[in-house]
Every structure is written in C-alpha cells, then in structure tokens.
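Fold and geometry: a report
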Amino acid sequence: MKNLVVFIFIFFGAGLLLPAAAQDITPLPPPQKTGGMPLMEVLAKRRTVRSFKRRDLSQQQISDLLWAAFGINRPDGKRTAPSARNFQENDLYLLMKNGVYLYLPETHSLEKLMDEDIRHLGGTQDFVKDAPLTLVLIADLDRMGGAGTGTNLQTAYIDAGYISQNIYLFCTSAGLSTGARGLIDREALGAALKLKDSQAIIIAHCVGYEK
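Residues numbered from 1 in each chain as written. Predicted model: local features only at pLDDT ≥ 70, side-chain atom pairs only at ≥ 80, totals over all residues. Heavy atoms only, no water.

1. Brief notes about the side chain of T134
For T134, the position within the fold is in strand β5 (residues 133-140). When its relative accessible area of 0% is taken as the criterion, T134 is described as buried. The contact partners of T134, leaving out residues within four places of it in the chain, are Y93, L94, L95, G122, V128, R181, A204, H205 and C206. (Helix = DSSP H or I, 4+ residues; strand = E, 2+ residues; numbered from the N terminus. Buried < 20%, exposed > 50% of the residue type's maximum accessible area, 1.4 Å probe, protein only. Contact = heavy atoms within 4.5 Å.)

2. Brief notes about the nonpolar core
With 35 residues, the main nonpolar core has L66, L94 and I167 as its most contacted residues. Elements with a contribution of two residues or more to this core: α3 (59-70), β2 (90-96), β3 (99-104), β5, α4 (149-174) and β7 (199-208). Top contributing element to this core by residue count: α3, with 7 residues. In this structure, Y93, L189, L195 and I201 belong to the second largest nonpolar core, which totals 15 residues. (Core = buried A, V, L, I, M, F, W, Y, C linked by side-chain atoms within 4.5 Å.)

3. Things to note about the pattern of salt bridges
Counting across every chain of the model gives 8 salt bridges. Residues K45 and E41 are paired through a salt bridge, measuring 3.0 Å at the closest nitrogen-oxygen approach. Residue K45 and its partner E41 are located together in helix α2 (residues 39-45), separated by 4 residues, close to a single helical turn. Look at E41 and you get partly exposed, because its relative accessible area is 34%. (Salt bridge = Lys/Arg side-chain N within 4 Å of Asp/Glu carboxyl O.)

4. A word on the side chain of Q61
Of note, Q61 is situated in helix α3. When its relative accessible area of 18% is taken as the criterion, Q61 is described as buried. At 2.8 Å, the side chain of Q61 and the side chain of Y209 are in polar contact. (Polar contact = N/O pair within 3.5 Å; in protein donor to acceptor, adjacent residues only side chain to side chain.)

5. Here we look at unusual backbone geometry
If you check the backbone angles, Q88 has positive phi at about 50° while not being a glycine. Assessed through its relative accessible area of 15%, Q88 is described here as buried. Backbone geometry at H108 places phi at a positive 45°, although glycine is not the residue there. By the secondary structure assignment, H108 is in the loop between β3 and β4 (109-114).

6. What to know about helix α5 (residues 186-193)
Among the residues of α5, those classed as buried are L189, G190 and L193. Viewed along the axis of α5, the buried residues span an arc of 100°, placing them on a single side of the element. Residues of α5 that are exposed and angled more than 90 degrees away from the buried face: E187 and A191. Residues of α5 that are buried sit in contact with β2, β3, β4, β5 and β7. Where α5 terminates, the next one or two residues include K194, which has phi positive at roughly 55°. (Arc of directions from axis to C-beta.)

In structure tokens, the structure reads:
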C-alpha cells in the first residue's frame, strides 16, 4: 500500500508539473517559404531604419522572420545562413514587451526565459525601447572548440553578419523595417539574461514598422 501511495504521488506530481513546463515553449506557425519581393528589388530597397511604431508583429511574421534569419532549411539540420565548420554558435534572443524568448530552430518554437520587458537593454539609443521586437544575436563560444578564443570571436562576428543580412532582406521583402546595431550595454544585458562566460553578445536588430 505504501508503494502504491508513492507511485500515485510521483505519477500525479509529474503530471502537474508537465503543463507548467510546457507553457514555457510556444510553437510557431510554419514559416511561409514562398512569395515576397524578387531578390534584386529587395536589394534595391534595403536600408536601415531607426524609428519604429509600437505596433506588434504577428506570430506569423515572427515565425517567418526567425526562419529566414537562421532557421533550418534542410533535413540535415543546416541553416538559412552559413556558419564556419557548421558550428551554429549564434542564438537568437527576442526582447519583447511581454518578455524574453529564445528561438529553438530544431522545433521552430520559442522558449520563454523571463516575463520582464527589457527592450531598453537591447541598445543605447532612445528608439530601441519603442520597437516591438529586438533580436539579439548571442554566440556561445563553447560550441567552437579547436581554435583560440580570439579567432572564435572573430568567426562568430562574421557568422552573425550572414544572419544580419538575412534579417535585412526578409524585413525589406515583408514590408517591415529593421536596423542592425552594435551599440549595446553588453554588461547590463548579459547580466539581465544571466549569460554564461562563454556567451558573447554580438549584434542586435530592432524590427517593426517604420514611424
């Protein structure tokens, strides 16, 4: 009887915990992989924007943006942007008014990391806090074993540049606006996100509608 009581407690205890954990993961709608402007037209119209309306993005827009930026586009797990030796060291963090999320490309979903609105930490300029979304590219240098730390960081910046260009091209094609920024208080943002020593904040992109 005692064993039965323990079994019931473990079974139902685990069941009660599962929904809470599941609430931290939000599946995104499948990305729309067709349509948009022709590439040459996108290149002609690509530009940086530094003034944003506070209008929210839809889940579909976020889904398409993240997939275009650094989503999986082949059965072998490779991505829409190249990375040296396929390290895939860069992660995409989303700063929004309802919290902070991490993009999980393997399941094309978002993991909620915190409820606080820390968009103001996504850059040092005033307009940053108004954009509905700031994407922060953060490299985990532990995934890049082999080369020296300096070489790893340089490579991470180059790989982030490919992702950054994907963000620009998608936003232009989708009628959204964006601007890449290196002006970030990395110490403050890193502390808020509780980053590991091996994680380096590389670059950030505000995304939204131009004001």
